[in-house]
Amino acid sequence: MSEEIDYEIKSILFTKEEINEKVKELAIEINSFYSENLFIIGILKGAFMFLADLIRYLDINLKVDFIEVSSYGANTESSGNINIVKDIKMDVKGRDILMVEDIVDSGFTIAYLKEEFKKREPKSIKVCSLLDKPSRRKVNINLDFCGFSIPDAFVVGYGMDVNEHFRNLPFIAIVDKVNKKEFKQTNV
Ligand code: IMP
Ligand code: MG
């Protein structure tokens, strides 16, 4: 039985090639900023694909761990109420941390994680996000390394999802909610 998806692809925002070029540019910036012993923390699940591509272009000594937070539930608005679902195993005290995120929207997730990691006394904390939606920001945060600034649209692909769908797309696309009534009528 195929599962019903409430969203459909409206348009492609960034192709596989455009993403790859941007990931390389970000890696050049990161390579020249850090000299050694970087702790990369990927924010699950959305950042897994970006992180996997990014670190292949990094030529500094690094370690990788993942943290998973929940806030969205089954819709496209952040609740602002963030919980750590899976924590990192590494001790980050005295280390340089680079958080790797797929997209920053309200900023709640990054703001929360920055505060949380500060308590663990790292040497530095920086943020690298592939995408940024500045018009949606609700808290003031600084992105140290940022790929593309995008308009206010919900995007999927390259690790990002809507209700867990579309993570496998090799490109980034804008989705739209399917009007279920019309959808059903045109399909009878
Ligand atoms: P924030 O806490 O509102 O900044 O939301 C950040 C998280 O929400 C990101 O880690 C994404 O996983 C998710 N998110 C925000 N906007 C989008 C989007 O357009 N598509 C898919 N996920 C998104
Ligand atoms: Mg994410």
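Residues numbered from 1 in each chain as written. Chains lettered and ligands numbered in written order. Predicted model: local features only at pLDDT ≥ 70, side-chain atom pairs only at ≥ 80, totals over all residues. Heavy atoms only, no water.

(A) Main features of the packing of aromatic side chains. In this structure the tally under the stated criterion is four aromatic pairs. Ring centres 3.7 Å apart and planes at 15° place the aromatic pair Phe14 and Phe148 in the stacked group. Highlighted residues: Phe14 in strand S1 (residues 7-14) and Phe148 in strand S7 (residues 145-149), separated in sequence by 134 residues. Owing to a relative accessible area of 11%, Phe14 belongs among the buried residues under this scheme. Residue Phe148 is classed as buried on the basis of its relative accessible area, which comes to 13%. Between Phe33 and Phe145 the ring centres are 5.8 Å apart and the planes differ by 75°, which places this aromatic pair in the edge-to-face class. Of this pair, Phe33 sits in helix H1 (residues 16-33) while Phe145 is found in strand S7, placing the two residues 112 residues apart along the sequence. (Phe/Tyr/Trp six-rings, centres within 6.5 Å; stacked < 30°, edge-to-face > 60°. Helix = DSSP H or I, 4+ residues; strand = E, 2+ residues; numbered from the N terminus. Buried < 20%, exposed > 50% of the residue type's maximum accessible area, 1.4 Å probe, protein only.)

(B) Just the sheet that holds S1, in detail. Taken together, the three strands give an open sheet; going across it, the order is S1-S9-S8, and neighbouring strands pair in antiparallel fashion. Because the sheet does not close on itself, it has two edges, and the strands there are S1 and strand S8 (155-156). Two strands pair when backbone bridges link them, and S1 and strand S9 (residues 172-177) are joined in this way by six bridges, in the antiparallel orientation. Within the sheet, the bridge partner assigned to Ser11 lies in S9 and is Ile174. (Pairing = 2+ DSSP bridges.)

(C) Broad picture of the side chain of Asp96. Take Asp96: it is sitting in strand S5 (residues 96-104). A relative accessible area of 14% places Asp96 in the buried class. A distance of 2.5 Å separates a polar atom in the side chain of Asp96 from a polar atom in the side chain of Ser124. Once residues lying within four places of it in the same chain are set aside, the contact partners of Asp96 are Tyr34, Glu36, Asn37, Leu38, Phe39, Lys123 and Ser124. (Polar contact = N/O pair within 3.5 Å; in protein donor to acceptor, adjacent residues only side chain to side chain. Contact = heavy atoms within 4.5 Å.)

(D) Here's a closer look at the pattern of salt bridges. The tally for this structure, following the rule as stated, stands at 18 salt bridges. Glu21 is the partner of Lys24 in a salt bridge, and the nearest nitrogen-oxygen pair spans 3.5 Å. Taken together, the residues Lys24 and Glu21, both in helix H1 and three residues apart, mark about one turn of the helix. A salt bridge links Lys93 to Glu121; the shortest N-O distance between them is 3.4 Å. Of this pair, Lys93 sits in the loop between strand S4 (83-86) and S5 while Glu121 sits in the loop between helix H3 (108-118) and strand S6 (124-132); the two residues are 28 residues apart in sequence, bridging distant segments of the chain. One continuous salt-bridge network, built from bridges that share partners, spans Lys45, Asp161, Glu164 and Arg167. (Salt bridge = Lys/Arg side-chain N within 4 Å of Asp/Glu carboxyl O.)

(E) How the structure looks around the coordination of the magnesium ion (ligand 2). Here the magnesium ion (ligand 2) is held by the protein donor atoms Glu101 (OE) and Asp102 (OD), which lie 2.6 to 2.7 Å from it. The two residues Glu101 and Asp102 agree in class, both being buried. (Donors = N, O, S within 2.8 Å, 3.2 Å for Na, K, Ca; no water.)

(F) Expanded view of the packing of H1 against helix H2 (residues 48-56). Two elements in contact, H1 and H2, have axes whose closest approach is 9 Å; the angle formed by their N-to-C orientations is 60°. It follows that H1 is oblique to H2 by the angle criterion. Here the hand of the crossing between H1 and H2 comes out right-handed. Taken together, the residues of H2 that come into contact with H1 (itself represented by Val23, Leu26, Ala27 and Ile30) are Phe50, Asp53 and Leu54. Residue composition of the contact of H1 with H2, by class: six nonpolar, no polar and one charged. (Axes fitted to C-alpha atoms, helices over the stretch in contact; angles between N-to-C directions. Parallel < 35°, antiparallel > 145°, perpendicular 65-115°, else oblique. Left-handed = near helix turned anticlockwise from the far one by under 90°. Nonpolar A, V, L, I, M, F, W, Y, C, P; charged D, E, K, R; others polar.)

(G) Examining the sheet that holds S7 more closely. In space, the six strands of this open sheet follow the order S4-S3-S2-S5-S6-S7, with mixed pairing throughout. Of all strands in the sheet, those with a lone pairing partner are S4 and S7, marking the two edges. Between one strand and the next, the sheet's axes are offset by a mean angle of 30°, whatever the strand orientation. Relative to S7, S6 runs parallel, the two being bridged by four bridges. Counted as the bridge partner of Ser129 is Cys146 from S7.

These values are about where atoms sit, not about what they do.
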